[in-house]
Each structure stands twice: as structure tokens, then as C-alpha cells.
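Architecture and fold: a report
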Amino acid sequence: MKIAGKLLVLFVITCSSCVVVKEYEMVHLNDPDMILGDQNCDRNLLTAQAYREAASGANGGKTGGGCGCN
Amino acid sequence: MKHNFLWIAALFVCSGMTAQNQPQPYKKRVLESTEVDLLSSLYSQTGDHAAVSGGIGNESLQDATATIVIAIPLNDDDVLTIDAGVSAYTSASSSNINPFDGRQAADPYVASSGESQSDTWSNGILRYSHSSDNRNQIWSANTSFANEFDYSSIGVGSSFAQLLNEKNTEISLHGSAYFDQWRLIYPIELRPPGGGGGEGTPFHLENYTITGNPVYSPKFTPLSQSGRQSYAAGLGFSQILSKKMQGSLALDVVLQKGQLSTPFQRVYFSDVDNSYIENFHLADDIERLPDTRLKLAIGGRLNTYINEIFTVRTFYRYYVDDWGIRSHTASIEVPIKILMGRITLYPSYRIYNQTAADYFKPYDQHLSTRTYYTSDYDLSGYAANQYGFGVSYTDIFNNMHLWRFELKSIDLKYYHYSRNTNFSSNLITLGVKFILE
């Protein structure tokens, strides 16, 4: 958990010094494979993982509730 | 003086006319046209640690799911999304809620033909989102329902996202609440004679021959509550790092209260002599778990556009809860574009591990003096690997049509998952996206 906190601080510091990318320069960033999330076709995979694994959340999938799973 | 006044008045009139004639700034629609996603999957698993029979027995399960997602632009700024799905499954494990079907000797490794061997789960989600004129703020609200034979759920949620720094940075907040209800179904041998449990014909123990310990006396009292509430709050942060790299962090906190154990999952005590009917070990009690659970998950993604052929997508998550479970998840996916980007290949790998919950012990190792216990291997300590491969076809010019719908993409993926506790599963998923002309 301490490691996760340090990584978070490092990430925020890194991000604050990033160069601003103009909207017309975001061609590669707007590629469908660059989306910061799971693809629609993987939602049933996320559901299966939520049922079979104790961990959930922080991935756009189920966080708890809505099913009789753990 | 009068001459100057006339000049000033003329200046004001002209500037007013100019303001009226200035065109409004262009505002791109959030969603250009209605999009329809058809998603389906086939899932199959095998294992020999079924929770219904206390940590041993057949975990075979097959599931078929179909979902439709329709995103409708209401105007330039607002989108309504309707999401509906149905899932049908058969399960050797849940069939042994009542293993005494009379067709064969009851056995945890053999599926029963009882009513609980199959079920249908249905769900629906309605989501509304609104974007500000400058597209820097996005609000959304949603409501959901889900239902299966022994469980129903109603949920509500909301989120807010703020884009900053010329849309290079996004900060988001989201919250949700689920109000769920079990229909309590106990293992057949624990139901009161002549009724209870809500499934099939009442069970009469005296009609069977008990072997092992003939004095079968389970430590069982019916559950006092059947409701479950889940409250989740999350924080998200994403940042463009360069013209070809972007990353995100997510933090989710979940509090669950109420009936958190599964009422038909058996538990056996090592300090109680075993009683059997045929080959089936009669339950000493059902799974008992605390009525609160606090979960914390923090995860991050980093996506990199290497070139017009390769992209790299990575994910890591750390999870901890107050049941003693800690886990790490890491995955990598490398989309590979071929044939001028019309076809994309998706090889992927995921690794997952977790520590056991404080209340978990394998089959027949719990003590009857404890308050909480489970033999559900989903709460055990294990490591798992997942290998995946997918293919996606993108109809760049939307050449293929189905009535007024233009085909946008077809995605087909396969995943193989295996644990080091003798459990494995396979999943095939198909997604087809259409755009309304």
C-alpha cells in the first residue's frame, strides 16, 4: 500500500510536467486501441473475473453489488 | 459635441450588428448517430473445489450470455444508453444444492438433475450523460436492475468528469449504490421438514440411510437477514504523457453490508464426525461471513502507440479488503494492425494472485467453535494466469449494411484462464457494432 501511494505521487509529479498536446496532434491518442479502458466486447470477461476472483474495482468493471458474487 | 455624439452612437450600432452576425462557435456532437452493440459470449469452467459441497466436488459450469447496448444521441450534448442482457447457465455445483435426485447415488463430483442445475440471469442499465458546450465537463447518471432465481438487485449511480489542460488531463468522480435481495435457499438437508427453502419437494431425512455418524445434528440456524447493500465511490485521473502515450489511475472504495455469505454453500467441521447419505457428506453448517466488508482497489493503465502496426496496453491493480485478502493483477495486450488497419490482432496475457480470506479453510478443516467460516475457493489463496487472443475487423467505410444499420466493427476474442487450485475456464466473446445511418 505504501508502494502504491509513492507510485501515485510519482505519477502525479510526472504528469504535471508533461508537454501539452494540442487537439490536432492527438491523432494517435484517439486510436480506438489507445482508449484507457476495456473494450466493450470484454465486458463479459470482466464479469467472469468478478465472479471468480475476490478482487474487484479500479478497472471499470463491477465493484460490488448487483450479483451474488464475492 | 453633437457631431461627436453621432459618431459614438454609430460606432455602438455597428458593433451590435457585427455581434449579431458573428457565427456561433462550432460544437461537435458528442455522438454523431445511434450506435448499437451486440455482445455475446460462451463461458465454460471446470474444477473440483465446489463451494456448494464444502470445497470438494464438480465445479463444471456453462454459461451463454447475450447483451445489446444502444447509445442514442438526444441532441448535440446528451446521450441516452440502454443496456440489456440475459445469461443462461447450467452448473454441476449449484445442482448439488439438492444432490438427492433419485437417479443415481448422490456424489459431490456428479451433477444432480435437480431444479437448481440451471438458471437465467437478466439485467438492464439505463444511463444518461450530458456534456458541457466546451466538452470539458461530463455528467452522467444511471440506474440498473438484475434478477435471477435466488437474487435480485437495484442500483443507482452517478459520475462527473472534468477535462483540464486543453483536454490533456481528466479528473473524474463516481459513486454507486446497490440494494440487493437474496431469496434464501439452503442445502436440502438443512431445510425444515415439510417446507422452507423455496425449491421443489420438501426433503425428509428419515427416508434415507445415514452412514458414518448416524446421529446427524448440524449446527445450523436460519439466516436472520436477506438483504445486501453495496456503496462504492471512486476517483479517476488520466493524463496525456506525450503524442503517443497516455495513462490513468483509478481508486475505488466499496463498503458492503448485510447478507454477504451465500446461503447454499456448505461447510464441514473437523471436530464433528461426518454423516453421509450415499456418497454425499451432509452439511455441518452453511457458510458464515461478517455482515460488513470494506474493499479498496487502486489501479493504473499505461497505453503506448508504438507505430501504425503496434500498440501496447498495460494494466496493474492492487486490492485489499478487511477480510484479509490482498491481491495483485497485471495484464498486457498488444494490438497488432494488419491489412491497412482493417484487421487487428489482440494477443494478451494476464496474471492474478490473491491471499486467502481470514475465514477460509479447505474441505472439513473448520472448527465448530468459530464464528465465521467458508470453503469457497474464490476466497482462497491462489495464483492464476490468463492467455487471450482476439481478432477485430473494422469496416472503415461502413460498406456492409443491415437495413439502416452500417457495420462498424466485429470483434472475436478467446480467453483461457487457469488457477493453481485445479480450476480452469474458457471464454469466447463476440461483439458486433452498428451505426444507424
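Each remark here, short or long, concerns the structure printed above.
Residues numbered from 1 in each chain as written. Chains lettered and ligands numbered in written order. Predicted model: local features only at pLDDT ≥ 70, side-chain atom pairs only at ≥ 80, totals over all residues. Heavy atoms only, no water.

**Focus on the nonpolar core**
So the rule is basically this: Think of a nonpolar core as a cluster: buried Ala, Val, Leu, Ile, Met, Phe, Trp, Tyr and Cys residues, connected wherever their side-chain atoms sit within 4.5 Å. Relative accessible area decides the class of each residue, using a 1.4 Å probe on protein chains only: under 20% of the type maximum gives buried, over 50% gives exposed, and in between gives partly exposed. The way it works is that DSSP assigns letters per residue, a run of H or I at least four long becomes a helix, a run of E at least two long becomes a strand, and they are numbered from the N terminus. Whether two residues touch is decided by their heavy atoms; if any such pair falls within 4.5 Å, the residues are in contact.
One finds Y43(B), W323(B), I325(B), Y352(B) and L379(B) to be the most contacted residues of the largest nonpolar core, which totals 24 residues. Counting only elements with at least two residues in this core, the list comes to α2 (43-52) of chain A together with β20 (382-394), β22 (405-419) and β23 (423-436) of chain B. Residues contacting I325(B), with those up to four places away along its chain left out, are A54(A), R293(B), Y319(B), V320(B), Q354(B), T355(B), A356(B), A357(B) and L379(B). Counting residues in hydrophobic clusters, the runner-up holds 15 residues, among them F220(B), Y268(B), F280(B) and A283(B).

**Considering the interface of chain A and chain B**
Definition in use: We define buried area as the total accessible area lost by two parts upon association, computed with a 1.4 Å probe and summed across both. By definition, a salt bridge exists where a carboxyl oxygen of Asp or Glu is found within 4 Å of a side-chain nitrogen of Lys or Arg. Any pair of N or O atoms that falls within 3.5 Å is considered a polar contact. Within protein, one atom must be able to donate a hydrogen and the other to accept it, and sequence-neighbouring residues count only if both atoms are side-chain atoms. Three classes are used: nonpolar for Ala, Val, Leu, Ile, Met, Phe, Trp, Tyr, Cys and Pro, charged for Asp, Glu, Lys and Arg, and polar for all others, with Gly counted as polar.
If you look at the interface, chain A gives 48 residues, while chain B gives 84 residues. Overall, the association of chain A and chain B removes approximately 5700 Å² of surface from exposure, summing both partners, and the carbon and sulfur fraction of that is 54%. Between chain A and chain B we count nine salt bridges in total. Between D38(A) and R301(B) there is a salt bridge, and its shortest N-O distance comes to 3.0 Å. Inspection of the region where chain A meets chain B yields 34 residue pairs in polar contact (both at pLDDT 80 or more). Taken together, the residues of the side of chain A that touches chain B break down into 23 nonpolar, 15 polar and ten charged.

**Structural notes on unusual backbone geometry**
Residue and element names in this part refer to chain B. Non-glycine residue E278 carries a positive phi angle of around 55°. Examined against the element boundaries, E278 turns out to sit in the loop between β12 (275-277) and β13 (280-281). The phi dihedral of M340 is positive, around 60°, even though this residue is not glycine. Mapped onto the secondary structure, M340 falls in the loop between β18 (336-338) and β19 (343-354).

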